[in-house]
Protein chains: 2
Amino acid sequence: MKHFTDNDIRELSKYYRANLINSITGYKPANLIGTISETGETNLAIFSSVVHLGANPALIGMIVRPATVPRHTYENILRTGYYTINHVHESFVEKAHFTSANFDETESEFDTCKLQEEYIPGFTAPFVKESQVKMGMKFLQEIPIELNGTILMIGQIEHLILPGEIIGEDGNVDLEAVTSVCVSGLESYSRVTKFARFEYARVKNVPDFKA
Amino acid sequence: MKHFTDNDIRELSKYYRANLINSITGYKPANLIGTISETGETNLAIFSSVVHLGANPALIGMIVRPATVPRHTYENILRTGYYTINHVHESFVEKAHFTSANFDETESEFDTCKLQEEYIPGFTAPFVKESQVKMGMKFLQEIPIELNGTILMIGQIEHLILPGEIIGEDGNVDLEAVTSVCVSGLESYSRVTKFARFEYARVKNVPDFKA
């Protein structure tokens, strides 16, 4: 086994370290965040840091890095109060990946990456038409993470739109049926195949495991 | 398409809502968090909320819910200052899942779920021997999320241990080679197969996409 200490990690090259540390938390969800500025310019950016915070109220977090480069996603959310979260599927994973290029602010990633804007009545932020699982989010709070200058952005689901036929009777969603992908590291995308489902874990139904 | 508004979501049954909302952020990493109490009782719990915060310093976050039931993981981290993050692989996914049962506090999930404790010199928290990718974490900060009573726990990697042969020349880690799994919803586990890798996105290398 290879063993890196905190000192070893600090001394790695920036590129190697970014790949290594972005790989080792495990698989991450691939989502496109859609926003619009006060003057009507849309923005679309891929994020792998979307995290479930709670079901009631339905809260979702994501980590943004506003300090490093201009981050239209962050600014648009603060100014308009709304954004969308859209799953990335196999059919447009390359387009989704390249939304992360540092485009001029007059260009919308919807245009340069050829993804279609979609709107619903009474909601300002653009959805991704090609996405099968999408959420219209109301921004609630930003929490600064002073340790490294990132920010936890928290929003509540106002609209959840997905094909009815992929929702099970118990509420579980079959993401495989719509080929939602996951991310490893910074640049690798994977398809996902379910192989196990277990009961809700209770002490009385824990199997008699062997060592 | 099925369209749920925030009102619709609030009115769902608790069980259906938990499954639905836990499904729709996308795929999540499966990690076991290892801790030890001040009196030497170990604890092991599966988490799907581990999130990359930054590579330099190497910071990792996770969301905990201390308010609902006794959470030994949270208490042990606060009291001892250390914990481990261990990938879940296909070979022990069922054992990992059942660590979430609400065991008596005198029982260690290492024992009841038959996973082996492993220690390294100078680090108090237990690693999972069966895990191929594991991190020894130093707790740095807890950030309360007052909107729903959860907490973002932030730690820095002090030790990173994984097989040298799964680390690429560029630092990317081949998680497929060690069958790390991901989670969908609360109870489904999936294997992951890489199908695409792209260059770092720069404006000059964006492909000429078709609509």
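Okay, so let's go over this structure. (Residues numbered from 1 in each chain as written. Chains lettered and ligands numbered in written order. Predicted model: local features only at pLDDT ≥ 70, side-chain atom pairs only at ≥ 80, totals over all residues. Heavy atoms only, no water.)

### Side note on the overall build of chain A
Filter applied, for reference: Strands are runs of DSSP state E lasting at least two residues, helices are runs of H or I lasting at least four, and both sets are numbered from the N terminus onward. Burial classification: accessible surface area is computed with a 1.4 Å probe over protein chains only, and a residue below 20% of its type maximum counts as buried, one above 50% as exposed, and the rest as partly exposed. Whether two residues touch is decided by their heavy atoms; if any such pair falls within 4.5 Å, the residues are in contact.
Helix and strand counts for chain A come out as 5 helices and 13 strands. Taking all 211 residues of chain A together, 60% fall into the buried category. Residue pairs in contact within chain A that sit at least 24 positions apart in sequence constitute 58% of those at least 6 positions apart.

### Focus on the environment of Pro66(A)
All names here are of chain A. Position of Pro-66 relative to the elements: it lies in the loop between β6 (58-64) and α3 (72-80). On a C-alpha basis, the gap between Pro-66 and Ile-151 in space is 7.7 Å, while along the polypeptide they are 85 residues apart. Apart from residues lying up to four places away in sequence, Pro-66 is in contact with Arg-71, Tyr-74, Gly-149 and Ile-151.

### What about helix α3 (residues 72-80) of chain B?
Within the sequence span of α3(B), burial applies to His72(B), Thr73(B), Tyr74(B), Asn76(B) and Ile77(B). Trailing α3(B) by a residue or two, Gly81(B) shows a phi angle of about 85 degrees, which is positive.

### Let's talk about the interface of chain B and chain A
Accessible area lost on assembly of the parts is the figure often given for the size of an interface. What counts, and what does not: Accessible area that two parts lose when put together, evaluated with a 1.4 Å probe and summed over both, is termed the buried area. By convention in these notes, a salt bridge is any Lys or Arg side-chain nitrogen within 4 Å of a carboxyl oxygen on Asp or Glu. Polar contact criterion, stated in full: a pair of N or O atoms within 3.5 Å, where within protein one must be able to donate a hydrogen and the other to accept it, and residues adjacent in sequence count only if both atoms are side-chain atoms.
With 114 residues of chain B at the interface, the matching set in chain A holds 114 residues. Across the chain B to chain A interface the summed buried area is about 10,000 Å²; carbon plus sulfur atoms make up 65%. Counting every contact that joins chain B to chain A gives 2 salt bridges. Note that Glu187(A) and Arg197(B) form a salt bridge whose closest N and O atoms lie 3.2 Å from each other. The tally of links between chain B and chain A comes to 40 residue pairs in polar contact (both at pLDDT 80 or more).

### Regarding the relation of the copies chain B and chain A
The relation between the two copies of this chain is a rotation about an axis and a shift parallel to it. Stated formally: Least-squares superposition aligns the copies on the C-alpha atoms of those residues with pLDDT at or above 70 in both.
For the match of chain B to chain A, the screw axis carries a shift of 0.0 Å, the RMSD comes to 0.0 Å, and the turn is 180 degrees. The superposition of one copy onto the other is thereby described by a two-fold rotation axis. Measuring from the rotation axis to each C-alpha of chain B, the shortest distance belongs to Val192(B), at 2.3 Å. With an isologous cut-off of 70% or more, the 100% of interface residues of chain B that recur at the interface of chain A puts this contact in the isologous class.

### Concerning the sheet that holds strand β2 (residues 28-29) of chain A
Using the following cut-off: For two strands to pair, DSSP has to find at least two bridges joining them.
Taken together, the 6 strands give an open sheet; going across it, the order is β2(A)-β12(A)-β13(A)-β13(B)-β12(B)-β2(B), and neighbouring strands pair in antiparallel fashion. Only two strands of the sheet have a single neighbouring strand rather than two, namely β2 of chain A together with β2 (28-29) of chain B. One ladder, built from 2 bridges, connects β2(A) with strand β12 (residues 182-184) of chain A; its direction is antiparallel. The residue bridging Pro29(A) from the neighbouring strand is Cys182(A), located in β12(A).

### With respect to the pairing of strand β6 (residues 58-64) of chain B
Residues and elements named next belong to chain B. For β6, the tally of buried residues reaches 7 of 7 residues, placing the bulk of the element in the interior. The two faces of β6 match: Ala-58, Ile-60, Met-62 and Val-64 on one face and Leu-59, Gly-61 and Ile-63 on the other face are all buried. Joining the antiparallel neighbours strand β5 (residues 51-55) and β6 is a turn of 2 residues. Bridge analysis of β6 against strand β11 (residues 150-162) gives 6 bridges, and the strand direction is antiparallel. Opposite Val-64, over in β11, you have Ile-151 as the bridge partner.

### Describing unusual backbone geometry
All names here are of chain A. Cis geometry is adopted by the peptide bond preceding Pro-57, which originates at Asn-56 and carries an omega value of 5 degrees. Here Pro-57 is to be found in the loop between β5 (51-55) and β6. Of note in this structure, Lys-114 is not a glycine but carries a positive phi near 55 degrees. Along the chain, the position of Lys-114 falls in the loop between α5 (109-112) and β8 (117-120).

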